[in-house]
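Overview (structure and organization)
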Amino acid sequence: MSFIKEVSDVAQENLNYDLPIDMVGLHDLSLPVRLTDKINISAKITLLVSLDNKKQRGIHMSRLYLTLYDHFSKNTVGFSTLKTALIKAIKSQKGDSSSGQIKLSADWPVLRKALKSSVQGWRDYPVYFKVNYSKKENTFKYIAGGEVLYSSTCPCSASLSAQIIKNDFEKKFSKQKSLKKKEVLKYLSNKSFLTATPHAQKSAAFFKLQIKESSKHNFSFLKTIDEIEESLGTAVQTAVKREDEAEFARRNAQNLMFCEDAARRLGQLFNNKKNIIDYLARVQHYESLHPFTVESTICKGVKGGWIA
């Protein structure tokens, strides 16, 4: 008799409890996955299944791991891939599980060009796919989420700065009845005329979208991120030259926003998307004036709400 056959399966031992388990499984398992046919990245995967059998002490964790290992070594990342892996994981428990959820988190690498020059660099966008299955509701839910960094310049600070510069200009030339163009240009070309500058800060937009099942094959993280950056207007940059930094400064000056403005922009963006059933957007502006962060949240809030 082999050693394995001699060892009893403690997972089969009866307990005094008479309770099922809602979700149990693997959390943040590190696994290489195929982002595309040409790009492999490291991902974190959480795979949980229900334990419906009240007399079963535990699930078969190794079956979950082997399901993920085998599935993601052969398939690229996407909602359909996650759905198939989840179905396999539930079936691997031989009738003891009926529901489950799977979440794959990764940093999506995107090559970004500078605003004006020819330089370019890589940006990593933290994103995640999530698929939930409830036997009770007999439905799959498809969730996509992530984070996008951008720059925000305070409208109030910009207004105050402009007033200070105006007052300084009036004071400097108070004794002159008229000014020549050359005098004004000379004044403006000297950086000392900037007696005040509006405060800007790095900011972050977090999004969580529930995607229609009919749209799961066509959902694109890259397109979604591009649309978010376009909506917010001042995405952070990678490699830059002087002309790129100048363009970034110009865009910030023409794109003043409070955190409430940023949240509403995202709400308007997602409200107009037919492939989105529900959404939650949260923005944070990491204040340069204050020692705290300001935050704003907006959501569609369809009936039934969110499954965590």
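Shown above is the structure to which this text applies.
Counting starts from 1 at the beginning of each chain's written sequence and moves along it residue by residue. Residue-level local features of this predicted model are given only where pLDDT is at least 70; pairs of side-chain atoms are given and counted only at 80 or more, and the full residue set underlies all totals for whole chains, interfaces and linings. Calculated side-chain values reflect all of the structure's heavy atoms, with hydrogen atoms and water omitted.

Strands here are runs of E lasting at least two residues and helices are runs of H or I lasting at least four, both read from the DSSP assignment and numbered beginning at the N terminus. How far a helix is expected to stretch is found by multiplying one less than its residue total by 1.5 Å. For helix H4 (residues 155-172), which comprises 18 residues, the first-to-last C-alpha distance of 26 Å matches the rise-based estimate of 26 Å (1.5 Å per residue) to within 8%. All buried positions along H4 are accounted for by Pro155, Ser157, Ala158, Ser161 and Ile165. One side of H4 carries all its buried residues, which in axial view fall inside an arc of 155°. Exposed positions of H4 whose direction lies more than 90 degrees from the buried face are Leu160 and Lys171. Partly exposed describes any residue whose relative accessible area lies between the buried limit of under 20% and the exposed limit of over 50%, with all areas from a 1.4 Å probe on protein chains only and scaled to the type maximum. This arc is built from the directions going out from the helix axis to the C-beta atoms.

The 8 strands lie next to each other as E1-E2-E3-E4-E5-E6-E7-E8, forming an open sheet whose pairing is antiparallel. Two strands bound the open sheet, and with one partner strand each, they are strand E1 (21-34) and strand E8 (293-299). Looking at each pair of strands side by side, their axes are set apart by 15° on average, direction ignored. Pairing between strands is defined by DSSP: at least two bridges between the two strands are required. By the bridge criterion, 12 bridges tie strand E5 (residues 139-153) to strand E6 (residues 200-211) in an arrangement that is antiparallel. By the bridge assignment for E6, Gly146 is matched with Phe207. Angles shown run from 0 to 180 degrees and are taken between the N-to-C directions of axes, each axis being a line fitted to C-alpha atoms and, for helices, limited to the stretch in contact.

Time to look at the layout of surface pockets. With a 1 Å grid spanning the protein atoms alone, the term cavity applies to any set of points in which a 1.4 Å probe fits but cannot get out, the term pocket to an open set with protein on both sides within 12 Å along at least five of seven lines, and the term lining residue to any residue with an atom within 4 Å of a point. Grid points are joined across faces, edges and corners, and a volume is the space filled by probe spheres set on the points. Reported here for the largest pocket is a volume of approximately 310 Å³. If you go around the largest pocket, you meet 16 residues; those closest to its centre are Thr153, Thr197, Pro198, Ala249 and Ala253. Where the lining of the largest pocket is concerned, the elements lending two or more residues are E5, H4 and helix H7 (242-253). A volume near 260 Å³ is recorded for the second largest pocket. Lining of the second largest pocket is provided by 18 residues; of these, Leu115, Glu229, Ala235, Val236 and Gln237 occupy positions nearest its centre. For the lining of the second largest pocket, the secondary structure elements donating two or more residues are strand E3 (100-113), strand E4 (120-134), helix H6 (221-232) and H7.

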